[in-house]
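Chain by chain, the residues run as shown.
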Amino acid sequence: MEKVRVRFAPSPTGYLHIGGLRTVLFNYLFAKHYNGDFILRIEDTDRSRYVEGAFEDIKESIKWLGITWDEGPDAGGDKGPYFQSERLDFYKKYAERLVNEGTAYKCFCTSERIQEIKEKQKASKEQIRYDKHCRNFSKDEVAKNEAADLPYVIRFKVSEEGQTKFEDYLRDEVVFENAQLDDFIILKTDGFPTYHLASVVDDHLMEITHVLRGEEWISSTPKHVLLYNALSFKMPEFVHLPVILSSKGGKLSKRDGATQVREFMEKGYLAEAMTNFLVLLGWSLDGSTSMFTMQELEKVFTLEQIGKNSPVFDIEKLNDYNGKYIREKSVKELADLCYPYMLDAGIVKDDTEGTRIYFESIMELLKERLVLLSDVVESAKCFFIDKIDYEDGSMLIPKKTSPDQVKSVFKLSLEKLEHLEDFSVENLENSLRKLIDELGLKAGQIFMALRITVTGSKVSPGLFETMSVLGKQRCMARIKDALAVLE
RNA sequence: GUCCCCAUCGUCUAGCGGUUAGGACAUCGCCCUCUCAAGGCGGGAACAGGGGUUCAAUUCCCCUUGGGGAUACCA
């Protein structure tokens, strides 16, 4: 088997979409599985849609998963350049060759004229397509237009009969009637190629063996096939990956929440979770294995197990993965990952060793409870703030408990804690449980009152663990504060 | 409208003619328990419909329906 060479060819017209990242993953895994090359090529042939920063974002998003490209921007390679805007001569050469051979022609129609016929066709409910006005110009007519310096595009001359077919790896033969195809443009007025020409020429020149791309390309593949044949290029294997759908129907869009890779990074999704989630969107090993490392995936990933139905993006599942991978991290790793969120939120101001150590002890408690790294801000806040707002104090009184009972518990707790030298989880639990026994109260209620006192929330890690981490000073101060509010 | 693709629990999927149709997420119940998680145990939940082919169809073929995609001098 010849060496596998695949490419991911994004256009820098926006930040990388989550669906694009999946395409990257599939390409990469396929290449690595067969010891092949993964190439990154930038399809910047639409100057009007260029978005500043998109190129950087695409690179960063890919690298986030730990994926690198063997050839492409920054990596180099002997099939470059890897920006299509720097390869204009190639496209021009091939376009002209097609014109000379009579399989393409110059079209001098103005966009106004095209617009006009389109509207007419729309009104009479005809198929919308080019009317082939310039298709059969005589040499003289063409020469006259050229002499007049009229701007032109180059169109591919599609046969009016017959069919164009190709093999798609996932769905066998796909057939299109040529009559359905338009005389599509391959070179624009500005001398830039359209996607069709550019990708075919580049895939050939870069010796791409397999084209793994989104399913939305199926309907333009016959155009590519026509080009491959006209240019006598060897056809790559086509693998059209089903697109990721929204749970609300249709393509994944902003209305579904995050769609850009960047947003997931910022919210604190782990690359491991994203990789796992994404690879299982349309691929499965055996229907039961659900956690893979990148290395394992490289070993087991093959095309045979790719499904052909469009999967729905299920954020719940991604969240589940994220929680699982968070729990697999060491406390140290997790603390490093979470600390920037604390800094960003302004909850911790410094990055001293002391704060770090304190933060790690907090992470020990939060580890089991985080879904997103960014959740740390809300959960860890109470460990850093100076005062907790108890409002009018009513939040401190659990159901079926009187204010007096709470007050006496607080007072007695203070006494007990005062004498507690070692604020260990064990000591805290022993002494507080003993206190409740002595008073003949229900543990749940009292612990809840203390929890709210100490954390300001009804939800927290274990009370004794939390108090132990907070330390004697803070706990006592907060109970005193709470007591003051109740008095 | 036209063309193309797809079709197993709510979701991701296993299944590649004969299975009590399996797993995961979500959901529900129970256990653990100071709340919330995590964890453990258990429950409900699917072959879109109709024709064929076959001794036998979830599985192969056709139609219908449903969903998706494409219809640009965008990729």
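Residues numbered from 1 in each chain as written. Chains lettered and ligands numbered in written order. Predicted model: local features only at pLDDT ≥ 70, side-chain atom pairs only at ≥ 80, totals over all residues. Heavy atoms only, no water.

Draft legend 1. Just the pattern of salt bridges, in detail. Taken as a whole and judged by the stated rule, the model has 37 salt bridges. Linking Arg 49 and Asp 46 is a salt bridge whose minimum nitrogen-to-oxygen distance equals 3.2 Å. With relative accessibility at 27%, the residue Asp 46 sits in the partly exposed group. A salt bridge links Glu 266 to Arg 262; the shortest N-O distance between them is 3.6 Å. With a gap of four residues between them, Glu 266 and Arg 262 both fall in helix H8 (residues 261-267), about one helical turn apart. Salt bridges here are not isolated pairs; linked through shared partners, they connect Arg 7, Arg 41, Glu 43, Arg 87, Asp 202 and Asp 203. (Salt bridge = Lys/Arg side-chain N within 4 Å of Asp/Glu carboxyl O. Buried < 20%, exposed > 50% of the residue type's maximum accessible area, 1.4 Å probe, protein only. Helix = DSSP H or I, 4+ residues; strand = E, 2+ residues; numbered from the N terminus.)

Draft legend 2. Just the protein's contact with RNA strand B, in detail. Taken together, 64 residues form the shell around RNA strand B, and within it Lys 188, Thr 189, Arg 369, Arg 451 and Ser 460 come nearest. Near the protein, meaning within 4 Å, the atoms of RNA strand B are sugar or phosphate in a fraction of 70%, with bases accounting for the rest. Interatomic distance of 3.4 Å between a side-chain N/O atom of Ser 284 and a sugar or linking oxygen of RNA strand B. Taking Lys 458, its main chain carries an N or O atom lying 3.2 Å from a sugar or linking oxygen of RNA strand B. Within the residue set of the surface near RNA strand B, elements represented by two or more residues are helix H4 (111-123), strand E6 (172-177), helix H11 (315-328), helix H17 (443-455) and helix H18 (463-486). Looking at the surface near RNA strand B element by element, the count peaks at five residues for H11. (Near = heavy atom within 4 Å. Polar contact = N/O pair within 3.5 Å; in protein donor to acceptor, adjacent residues only side chain to side chain.)

Draft legend 3. Spatial organisation of a negative patch on the surface. Together, Glu 167, Asp 172, Glu 173 and Glu 237 make up a region of like negative charge exposed at the surface. Checked against the element boundaries, Glu 173 lands in strand E6. Given the relative accessible area of 44%, Glu 173 is considered partly exposed. (Patch = residues over 30% accessible without salt bridge, like charges linked within 9 Å, V, L, I, M, F, W, Y side chains within 5 Å. Areas by Shrake-Rupley, 256 points an atom, 1.4 Å probe, with all protein chains shown as cover. Lys, Arg positive; Asp, Glu negative; His and termini not counted. Charge placed at Lys NZ, Arg CZ, Asp CG, Glu CD.)

Draft legend 4. Spatial organisation of the sheet that holds strand E4 (residues 153-156). Pairing is antiparallel across the open sheet formed by three strands, whose spatial order is E3-E4-E7. Both outer strands of the open sheet, strand E3 (104-107) and strand E7 (185-187), are each paired with one neighbouring strand and no more. Across the sheet, the axes of successive neighbouring strands diverge by a mean angle of 40 degrees, strand direction being ignored. Note: E4 against E7, two bridges, orientation antiparallel. Its bridge partner lying in E7, Arg 155 is registered against Ile 185. (Pairing = 2+ DSSP bridges. Axes fitted to C-alpha atoms, helices over the stretch in contact; angles between N-to-C directions.)

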